[in-house]
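Structural characterization, general
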Amino acid sequence: MSELARESSTRRSARSAEPAPRASARGATFLGTPPFPTAAKAALADTQLRRNLAHATGTIRGKRAAVVAEVDNWEELRLAGAALKDRTLRHLDTYLTQLETALTKAGATVHWAGDAAEANRIVVDIARAHDTDEVVKVKSMATVEIGLNEALADAGITAWETDLAELIVQLGDDLPSHILVPAIHRNRSEVREIFLREMGRAGKPAPADLTDEPARLAAAAREHLREKFLRAKVAVSGANFAVAETGTLAVVESEGNGRMCLTLPEVLISVVGIEKLVPTWEDLDVFLQLLPRSSTGERMNPYTSMWTGVTPGDGPQEVHVVLLDNGRTDVLADEVGRQALRCIRCSACLNVCPVYERTGGHSYGSVYPGPIGAILTPMLRGVGHDEQVDSLPYASSLCGACFEVCPVRIDIPEVLVHLRSQVVDAHRGRPSLQGAAMKAASWMFGRSARTAAAEKLSGLGSRVLDRTVRRRAPGGRRALGSLPWPVSAWSDARDTPVPPPESFRAWWSRTDGGRR
Amino acid sequence: MNARDAILARVRTALRDVPRDETPADVEVPRLTAPVVPDPVGLFAERVADYKATVVRCTPAELPDRLAEALDGVGRLLVPTDLPPDLHPAGPELVADTHLPVTALDALDGVLTTARLGIAETGTIVLDHGPGQGRRAATLVPDLHVCVVRTDQVVGGVSDAVAALDPHRPQTWISGPSATSDIELDRVEGVHGPRTLHVLLVG
Ligand code: SF4
């Protein structure tokens, strides 16, 4: 653990009753993150994190709204995006084999990985075959999901993250907190400190006179990473899209680190979730319009790279594609939850989520934070085994803002409700597991408890909860305080939870996030 | 069962609810109304400039002078071996990209290329790395990219671009210089790609 991580973890635990999720000694991990309400409580106490998050999500929200308003046929694009993904998912076996054929014809080698361990083994074996002790990496959620960096480290191979935010996270021995801007929880002076202290240990040191100006910090990252780009033999990437018809892969990025990784090394390994497919080349039209505007709030991101297998004399001459399942077929099997596989990881739903804005990504304890994480993680990992996972479907007020911005129209509230009923079913007769989910639910309803309507809810409920929480909280401490909550929502959860009389969002804007 | 067959079997099991006779075409996808772009060339120039790239419009006759201005102060300039000779600028020392090692590319001051097309709506330049455009590394490693786009290469929207492009060619879509907003969402132009993008719009 780095100095800074240790400092901040001490700082956090001093301020909050519960330990915050922190890095382990050997690389950060989400394992052991406490259930959502506990982690959220800790995050709420961290005012720096809240300030950074509020600034960031507010800025991106504004940019997104402006560039979306510019597009006359935005709704048409959303409908087309959703339909194209549905088409792909409903015929995924056909498209997967089509992709395999197209890739093979274009000179790429296709691998299939049922789970994280298989995928990691494939990547490690390829890197070993090239006798390298390092790889350069483009930001990829799939590789974080499978813990590839740790697997490479175990094999004696260092994975260099090259996205600026990922570099900050990696050098700070920290965890990403946002799909799009994983270092959103760090401010500029923290970044400067991390660079000054850690860059020298990983390669070219930061200049001694480094200031906390973002332009200077970006320049330091450019200098630091360039030698790695120029010497790397093997690169690892994900892909935003994989075109079944042609075998074309696309990576959408801003900094040029993606282009460096995709172009300079001799060997390129792309780990691609099986939900990343689109049927035809023409279909990219829709997604290349939806993604940048939803994601960074730009008309187009600075760089998009597309490649189809091997191009003689240009770029990597050995191209591997690892098609990853790792729980995705379980999501596919859930007829309600299947729509989550449409997700193009734009992160728009995070930026509009009132819960996310207050708690940050770490509270979700998973690679995929925010509203999409609250539905994807329980489906990928399965409910009924882990109270952290089971608490996630409750990390929402069901306000519906996420659906409204989602470029592929994923009805996240619908899936949340569906998963809550699964959690309840999984816990039938196993009351010991109910604690976390109940606490998450009470935490959420506690937020809206300030409305007069919610306060009318049963006094009995609050007393029951109070007792439950007293009994279950570690150290006998009350984790959440006394919160009125609708008992009826719990007992009715098999159907639809009672929506708060005032929507969470209405309450949020009326009270300026509870500050009035 | 190997991993491939196991995954495909799981996919098929997961899709039990999909009627056996359903085809992909049965999942209807609404058609898009093509947006009307009244002045694509003007819009292209405006939107490229929005990204903090330099955009200069000129006639073919003016091009040599505008090129010389764009390359003022550049010592050694990388050029694709098949860059049309009429685009060869006076001034810098021209270094042809005869599969130079990447470390050699890193020692050069800039690169001059043509483009495959431009997209007005998004201010995007697309390279498919055909004649005059260089291989992918050529427009990536040097810190300055001067790109010549003809006005007749500018299309209205992303749909027009996708329809015109060949997916079997590698492509780089460029919208302004490289940028990051990773530190407090402050946009900084110039990280790993060329920090300066200079577009000459000719026609
Ligand atoms: S669920 Fe929708 S809004 Fe959220 S990241 Fe995925 S595509 Fe974007």
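Up top is the structure.
Report on the accompanying structure. These numbers come from a predicted model, not from an experiment. (Residues numbered from 1 in each chain as written. Chains lettered and ligands numbered in written order. Predicted model: local features only at pLDDT ≥ 70, side-chain atom pairs only at ≥ 80, totals over all residues. Heavy atoms only, no water.)

As for the overall build of chain A
A tally of regular secondary structure across chain A gives 25 helices and 10 strands. A burial count over chain A gives 67% of its 516 residues as buried. Relative to all contacts within chain A whose residues are 6 or more apart in sequence, the contacts with residues 24 or more apart total 76%. Carbon and sulfur atoms form 51% of the exposed surface of chain A, whose accessible area is close to 17200 Å². (Helix = DSSP H or I, 4+ residues; strand = E, 2+ residues; numbered from the N terminus. Buried < 20%, exposed > 50% of the residue type's maximum accessible area, 1.4 Å probe, protein only. Contact = heavy atoms within 4.5 Å. Areas by Shrake-Rupley, 256 points an atom, 1.4 Å probe, with all protein chains shown as cover.)

So, the nonpolar core
Counting 142 residues, the largest nonpolar core has A:L96, A:F195, A:L323, A:I372, A:I375 and B:W173 as the members making the most contacts within it. Counting 22 residues, the second largest nonpolar core, distinct from the first, contains A:A142, A:V236, A:V267 and A:V322. (Core = buried A, V, L, I, M, F, W, Y, C linked by side-chain atoms within 4.5 Å.)

Brief notes about the sheet that holds strand β1 (residues 54-58) of chain B
Residue and element names in this part refer to chain B. Pairing is parallel in the open sheet, where six strands are placed in the order β1-β12-β7-β4-β2-β3. Every interior strand has two partners, whereas the edge strands, β1 and β3 (93-96), have only one. Strand-to-strand twist across the sheet, computed as the mean angle between neighbouring axes with direction ignored, equals 25°. Pairing geometry for β1 and strand β12 (residues 196-202), over five bridges, is parallel. Bridge assignment links V55 to a residue of β12, and that residue is V199. Across the sheet, helix α2 (residues 40-50) touches β1, β7 (144-150) and β12, and the angle it forms with β1 is around 155°. In the packing of helix α3 (residues 63-70) onto the sheet, contacts are made with β1, β4 (110-114), β7 and β12, and the angle to β12 comes to roughly 175°. (Pairing = 2+ DSSP bridges. Axes fitted to C-alpha atoms, helices over the stretch in contact; angles between N-to-C directions.)

A look at the interface of chain B and chain A
Listed by partner, the interface residues are 72 residues for chain B and 91 residues for chain A. Summed over both sides, the interface of chain B with chain A buries roughly 7000 Å², with 59% coming from carbon and sulfur. There are 11 salt bridges connecting chain B and chain A. Between A:R90 and B:E22 there is a salt bridge, with its nearest N and O atoms 2.8 Å apart. At the junction of chain B and chain A, the tally comes to 39 residue pairs in polar contact (both at pLDDT 80 or more). The element best represented in the side of chain B that touches chain A is helix α1 (residues 3-14) of chain B, accounting for eight residues. A breakdown of the residues in the side of chain B that touches chain A according to their chemical character gives 33 nonpolar, 20 polar and 19 charged. (Buried area = accessible area lost by both parts, 1.4 Å probe. Salt bridge = Lys/Arg side-chain N within 4 Å of Asp/Glu carboxyl O. Polar contact = N/O pair within 3.5 Å; in protein donor to acceptor, adjacent residues only side chain to side chain. Nonpolar A, V, L, I, M, F, W, Y, C, P; charged D, E, K, R; others polar.)

So, the packing of aromatic side chains
Residue and element names in this part refer to chain A. Under the definition given, this model contains one aromatic pair over all chains. Geometrically, the ring pair formed by F241 and F287 is tilted, given 5.5 Å between the ring centres and 35° between the ring planes. With F241 in strand β5 (residues 241-243) and F287 in helix α13 (residues 284-295), the pair connects residues that are 46 residues apart, well separated along the chain. Overall, F287 belongs to the buried group, its relative accessible area being 0%. Cation over ring: R78 sits above F403, and NZ or CZ is 5.6 Å from the ring centre. For the cation-ring pair, K85 lies above F287, with the distance from its terminal atom to the ring centre recorded as 5.7 Å. (Phe/Tyr/Trp six-rings, centres within 6.5 Å; stacked < 30°, edge-to-face > 60°. Lys NZ or Arg CZ within 6 Å of the ring centre and 35° of its normal.)

Examining helix α11 (residues 214-231) of chain A
Residue and element names in this part refer to chain A. The end-to-end C-alpha distance of α11 is 26 Å, a good match for the 26 Å that 18 residues give at a rise of 1.5 Å each. Taken as a whole, α11 carries its principal kink of about 35° at L225. Residues of α11 that are buried: P214, L217, A218, A220, A221, R222, H224, L225, R226, K228, F229 and L230. (Expected span 1.5 Å × (residues − 1). Bend = angle between axes of the 7 residues up to and from the residue.)

Some points on the side chain of B:Q171
With respect to the secondary-structure elements, B:Q171 resides in strand β9 (residues 171-174). Residue classification places B:Q171 among the buried residues on the basis of a relative accessible area of 0%. There is a polar contact of 3.0 Å between the side chain of B:Q171 and the side chain of B:W173. What B:Q171 contacts, discounting residues up to four positions off in sequence, is A:W281, A:T304, A:S305, A:M306, B:V126, B:L127, B:D128, B:H129, B:L165 and B:D166.

Digging into the site of the ligand
Lining the immediate surroundings of the ligand are A:C343, A:I344, A:R345, A:C346, A:S347, A:C349, A:I372, A:C406, A:P407, A:V408, A:I410 and A:I412. Tallied by class, the residues present in the shell around the ligand amount to 10 nonpolar, one polar and one charged. (Near = heavy atom within 4 Å.)

What about the state of the cysteines?
Disulfide: a covalent bond connecting the sulfur atoms of a pair of cysteines. Residue and element names in this part refer to chain B. Counting across every chain of the model gives zero disulfides over all chains. Left unpaired, C58 is separated from the closest cysteine sulfur, that of C147, by 13 Å. Owing to a relative accessible area of 0%, C147 belongs among the buried residues under this scheme. (Disulfide = S-S within 2.5 Å.)

Description of the pattern of salt bridges
All chains considered together, the criterion is met by 37 salt bridges over all chains. A:E134 is the salt-bridge partner of A:R231, the closest N and O atoms lying 2.6 Å from each other. On the criterion of sequence distance, the pair formed by A:R231 in helix α11 and A:E134 in strand β2 (residues 134-137) is long-range, its members being 97 residues apart. Judged by relative accessible area, A:R231 falls into the partly exposed class, the value being 43%. Judged by its relative accessible area of 10%, A:E134 falls in the buried class. For A:D325, the salt bridge identified is with B:R10, shortest N-O distance 2.8 Å. Here A:D325, found in the loop between β10 (318-324) and α14 (328-333), pairs with B:R10, found in helix α1, and the two come from separate chains. For A:D325, a relative accessible area of 1% puts it in the buried group. By relative accessible area, which is 33% here, B:R10 ends up partly exposed. Put simply, A:E70, A:R293, A:R299, B:R47 and B:D50 are held in one network by salt bridges that share partners.

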